[in-house]
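One-letter residues, chain by chain:
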Amino acid sequence: MLSKARRIVIKVGSQLLSSGEGIDSDFLKNLAGQVEEIRKTGREVVIVSSGAVLAGVKALKLGRKPHSLSEKQALSAVGQPYLMEEYRKAFKEFGTEVAQVLLTAEDLRSKERFHNAKNTMEALLRFGVVPVVNENDTVSVEEIKIGDNDNLSAHVSVLVDADLLIILTVTNGIYDRDPNRDPEAKLIPVVENPEQLLDICDFSGKTDFGTGGMWTKVEAATKAVKKGIPVIVAGGREENVLLRILSGERVGTLFLPEKKLRAKTYRILFLMKPEAKIFIDEGAEEAVIKKGKSLLSKGVKKVEGNFRKGDAVEVYNLKGELLGKGLARCNREELESSKLCIHRDEFVLLKDS
Ligand code: GLU
């Protein structure tokens, strides 16, 4: 499965890129060398890289990451060119160009923008360029941002229809506890069902510069595998880690792919933020859950929050159990006058029927 992967997304975390001075150019040189080896075999590579805020902190000699959102955004704007400069230098040695691609959550949520971004990525890959993707932090405020590059890397894998997502980090995979604090911590080699990790792992540790601890890696992997994309979380500083993964060696933690969700289902579940909660009566629950029918407006008993046509909403029964998530077919004010609330084709069931 892994050696057959043709299109690969590689996520590089801030901690890996960090050296005392700023961005670790030796690390990037080594990474570029491995990526070039991979590309020589006819494979395509997309990189998702953090490190903009880190580079900004170093450039302005601040010593630590600021707390306020606008300052983080400003630092990302300062650091992003430094980051790209390092990628450019590293790949230039091989005569390869890199491209800066900055995405926002909106670019992925809107169908049209998703396709535009996809077409651009396809064109870059046809040109033989290595795209280096980051979140467009400068314009991504808290409520709308993806928030961490682990989750971004899952979305990018879906965007480019990748065959494999490799998340490189400072630990050598997913452990049941923080291996830096607990020498007894055990590496989990294969994950068949990411939800089960919640029962066996303690993911409370976070890092200084990156947003994601282990948990966001699991979250990201959960998304990608549901779109049929296998994921490996591995140590970015392990020797020749990328080449070893692609030669089939067991490295890090492998998340096995699941049955592929439809694009629409993925969008509703993982890209759209729920704008409101709607509560439906028993008759409607029966129709929607057991019979797979559309949700009619007359079954809606209560609404919390506001929504507009096309927004995602969560659907609950009157006991407060989450039943599913779907796209509203009308604005909230029109609920009484319109017959249809959510079409069955735009509803994702989250409760067992
Ligand atoms: N976009 C942020 C940066 O480049 C990183 C987010 C993350 O670490 O997940 O600094």
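Our structure's up above, just so we're on the same page.
Bear in mind that the values here come from a model prediction, so they are computed numbers and not experimental data.

With that settled, consider the pairing of strand 14 (residues 312-317). Of all the six residues making up strand 14, six are buried; the element is thus mostly covered by neighbouring parts of the structure. Alternating residues of strand 14 divide into Ala312, Glu314 and Tyr316 and Val313, Val315 and Asn317, and every residue in both groups is buried. Sheet analysis places strand 11 (residues 274-280) next to strand 14, joined by six bridges and oriented parallel. Residue Pro274 lies in a different strand from strand 14, and its bridge partner there is Ala312. Across five bridges, strand 14 lies against strand 15 (residues 322-328) in antiparallel orientation. When the sheet's bridge partners are listed, Ala312 is paired in strand 15 with Leu327. What sits between the antiparallel neighbours strand 14 and strand 15 is a turn of four residues, in which Gly320 has the positive phi angle 90°.

In the vicinity of the ligand lie eleven residues, with Ala52, Val53, Asn134, Asp137 and Asn149 positioned nearest. Within the side chain of Ser50, one N or O atom sits 3.3 Å away from an oxygen atom of the ligand. Asn134 is positioned with one of its side-chain polar atoms (N or O) 2.7 Å from an oxygen atom of the ligand. About the coverage of the ligand: the protein hides 94% of its 300 Å² of free accessible area. Its residues assigned to classes, the shell around the ligand comprises two nonpolar, seven polar and two charged.

Attention now moves to the pattern of salt bridges. Inspection of every chain in the model, using the stated rule, returns 27 salt bridges. Across the pair Glu97 and Lys92 runs a salt bridge whose closest N-O atoms are separated by 2.9 Å. You can call Lys92 partly exposed: its relative accessible area is 48%. Salt-bridge contacts for Glu346 lead to Arg329; the nearest nitrogen and oxygen are separated by 3.0 Å.

With that settled, the discussion passes to unusual backbone geometry. Positioned with a positive phi, Lys61 is a non-glycine residue whose angle comes to about 55°. Its location among the elements puts Lys61 in the loop between helix 3 (52-59) and helix 4 (69-92). In this model, Asp161 sits at a positive phi of 55°, which is unusual for a non-glycine residue. Of note, Asp161 is situated in the loop between helix 7 (149-159) and strand 7 (164-169).

What follows deals with the packing of aromatic side chains. All told, the structure shown has two aromatic pairs when counted by the stated rule. Pairing Tyr266 with Phe270 gives two aromatic rings, centres 5.2 Å apart and planes at 70°, and the pair type is edge-to-face. Of this pair, Tyr266 and Phe270 both sit in helix 11 (residues 263-271), separated by four residues, roughly a single helical turn. Judged by its relative accessible area of 2%, Tyr266 falls in the buried class.

Calculation criteria
Residues numbered from 1 in each chain as written. Predicted model: local features only at pLDDT ≥ 70, side-chain atom pairs only at ≥ 80, totals over all residues. Heavy atoms only, no water. Buried < 20%, exposed > 50% of the residue type's maximum accessible area, 1.4 Å probe, protein only. Helix = DSSP H or I, 4+ residues; strand = E, 2+ residues; numbered from the N terminus. Pairing = 2+ DSSP bridges. Near = heavy atom within 4 Å. Polar contact = N/O pair within 3.5 Å; in protein donor to acceptor, adjacent residues only side chain to side chain. Areas by Shrake-Rupley, 256 points an atom, 1.4 Å probe, with all protein chains shown as cover. Nonpolar A, V, L, I, M, F, W, Y, C, P; charged D, E, K, R; others polar. Salt bridge = Lys/Arg side-chain N within 4 Å of Asp/Glu carboxyl O. Phe/Tyr/Trp six-rings, centres within 6.5 Å; stacked < 30°, edge-to-face > 60°.

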